[in-house]
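The chain contents come next:
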Amino acid sequence: MPITAKTYTTQVICLRAYDFGEADKILHLYSPEHGRISAIAKGVKKSKSKLAGACELLNLSEVQLSKGKNLDLLCQYQPRETFVGIRSDLLKLSYGLMFADLINQTALDTDSEQTFHLLKNALHVLDQAQEPQLVPLGLEFQMTLLHTAGFHPVLSQCIFTHQPLDPAALYYCFSPQFGGITMPEQKRRHMIETGGFGEQWVNVSASTVRALDNPYLPDWQPNQLYKAQKFLQYYFKQVFEKQFHSYDLVFNLLEMVSPGALDESAGPVSPN
């Protein structure tokens, strides 16, 4: 296909691909210059298609696309990285797909260049990571993505007084609307003064807050890190008002690694 004013070249990571008709696929690609791109790969399901690699989830590619009214057209594809280490490990793959899903659904709220490099770097680390590093890596990725989107939760000080929190507390009160935590007595004072109409509050364990602040500490038990992961699932759902089903595979596999560690009766958040 000849290069025209409407044709452009960019690096992309494939976030999602699904069938369209008998031979085509619709792709969600992420680019540092253009953010999320919706494109169509024509004839890609045919056995001799040279574009098939661009449709593999998580592949890093250089592509040429032609601008379209609703969907851009995938014209050319050059592979850059396929992350074999991720594809050969189901738990790693589940984390990679979760990263892609989170970015795919929050793309309009994030800086495209920062987000692209966040995903690219996370996939590089994930590709070489050992099993004990996977949950901390996942927590770090999600917190950084929230920061890029401007929704990083305030966990180091009271959201009302901006004062340090009591380090001896067993739990704090968290509000997704306010995007942070406070002490129980400060939350009660707020509710008395304002009535708290329409506000949602949950209790968050102090260990969950500390795990989110530094997930790589060597003395964390798996259940503590898993509860921090549960908290982020809750927070992403509240902030973006979407269901992120990619969490389900991650939690199912984590339960296989550490049976009982995801006991819902001892979850990271509870209504208060």
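Quick caveat, the model's predicted, so the values are computed rather than measured. (Residues numbered from 1 in each chain as written. Predicted model: local features only at pLDDT ≥ 70, side-chain atom pairs only at ≥ 80, totals over all residues. Heavy atoms only, no water.)

Draft legend 1. Structural context of the overall build of the protein chain. Within the protein chain, the secondary structure is distributed over 8 helices and 9 strands. In the protein chain, which comprises 272 residues, the share counted as buried stands at 50%. The contacts in the protein chain between residues at least 6 apart in sequence include a share of 62% that link residues at least 24 apart. For the protein chain, the accessible surface area stands at approximately 13,800 Å², while carbon and sulfur atoms represent 52% of it. In the protein chain, 23 side chains carry a positive charge and 27 a negative one; their mean positions are 9 Å apart. (Helix = DSSP H or I, 4+ residues; strand = E, 2+ residues; numbered from the N terminus. Buried < 20%, exposed > 50% of the residue type's maximum accessible area, 1.4 Å probe, protein only. Contact = heavy atoms within 4.5 Å. Areas by Shrake-Rupley, 256 points an atom, 1.4 Å probe, with all protein chains shown as cover. Lys, Arg positive; Asp, Glu negative; His and termini not counted. Charge placed at Lys NZ, Arg CZ, Asp CG, Glu CD.)

Draft legend 2. Structural detail: the pairing of strand 6 (residues 171-175). Among the 5 residues in strand 6, 4 count as buried, and that is most of the element. Pairing analysis gives 4 bridges linking strand 6 to strand 8 (residues 202-205), with the strands arranged antiparallel. Paired with Tyr-172 across the bridge in strand 8 is Val-204. Of the pairings in the sheet, the one linking strand 6 to strand 7 (residues 180-182) comprises 3 bridges and is antiparallel in character. Across the sheet, residue Phe-174 finds its bridge partner in strand 7, namely Ile-181. (Pairing = 2+ DSSP bridges.)

Draft legend 3. Molecular detail of the pairing of strand 3 (residues 35-41). The buried count for strand 3 comes to 5 of 7 residues, which makes it a mostly enclosed element. Pairing geometry for strand 2 (residues 24-31) and strand 3, over 7 bridges, is antiparallel. Bridge pairing in strand 3 places Leu-29 opposite Ile-37. Direction of pairing for strand 3 relative to strand 5 (residues 72-81): parallel, over a ladder of 2 bridges. Within strand 5, the residue paired with Ala-39 across the bridge is Asp-72.

Draft legend 4. The packing of aromatic side chains, seen in detail. In this structure the tally under the stated criterion is 14 aromatic pairs. Ring geometry for Phe-236 versus Phe-244: centroids 5.7 Å apart, planes at 75°, classification edge-to-face. For Phe-236, a relative accessible area of 0% gives the class buried. Taking relative accessible area as the criterion, Phe-244 reaches 4% and is therefore assigned buried. Judged by centre distance (6.1 Å) and plane angle (15°), the ring pair of Tyr-247 and Phe-251 falls under stacked. (Phe/Tyr/Trp six-rings, centres within 6.5 Å; stacked < 30°, edge-to-face > 60°.)

Draft legend 5. Expanded view of the pattern of salt bridges. Counted according to the given criterion, the structure contains 5 salt bridges. One salt bridge in this structure joins Lys-42 and Asp-24, with 4.0 Å as the shortest N-O distance. Placement of the pair is Lys-42 in the loop between strand 3 and strand 4 (60-66) and Asp-24 in strand 2, with a sequence separation of 18 residues. Linked by salt bridges that have partners in common, Asp-19, Lys-25 and Lys-45 make up one network. (Salt bridge = Lys/Arg side-chain N within 4 Å of Asp/Glu carboxyl O.)

Draft legend 6. Fine view of the sheet that holds strand 3. Spatially, 1-2-3-5-4 is the arrangement adopted by the 5 strands of the closed barrel, whose pairing is mixed. Neighbouring strand axes in the sheet, compared pairwise and without regard to direction, differ in orientation by 50° on average. By the bridge criterion, 7 bridges tie strand 1 (residues 7-20) to strand 2 in an arrangement that is antiparallel. For Tyr-18, the partnering residue across the bridge sits in strand 2 and is Ile-26. On the sheet, helix 2 (residues 90-106) packs against strand 1, strand 2 and strand 3 and is oriented at approximately 105° with respect to strand 1. The strands touched by helix 3 (residues 112-128) within the sheet are strand 1, strand 2, strand 3, strand 4 and strand 5, with strand 1 carrying the most contacts at an inclination of about 65°. (Axes fitted to C-alpha atoms, helices over the stretch in contact; angles between N-to-C directions.)

Draft legend 7. Geometry of the state of the cysteines. Counted according to the given criterion, the structure contains 0 disulfides. Cys-158 takes part in no disulfide bond, and the closest cysteine sulfur, belonging to Cys-173, lies 10.0 Å away. (Disulfide = S-S within 2.5 Å.)

Draft legend 8. Spatial organisation of helix 4 (residues 131-149). With 19 residues, helix 4 should cover 27 Å at 1.5 Å per step; its first-to-last C-alpha distance of 28 Å lies within 8% of that length. Phi turns positive one or two residues past the end of helix 4, at Gly-150, with a value near 80°. (Expected span 1.5 Å × (residues − 1).)

Draft legend 9. Main features of helix 7 (residues 222-240). With 19 residues, helix 7 ought to run about 27 Å at 1.5 Å a step, and its terminal C-alpha atoms sit 27 Å apart, in line with that. For helix 7, the full list of buried residues reads Leu-225, Tyr-226, Ala-228, Gln-229, Lys-230, Phe-231, Leu-232, Tyr-234, Tyr-235, Phe-236, Val-239 and Phe-240.

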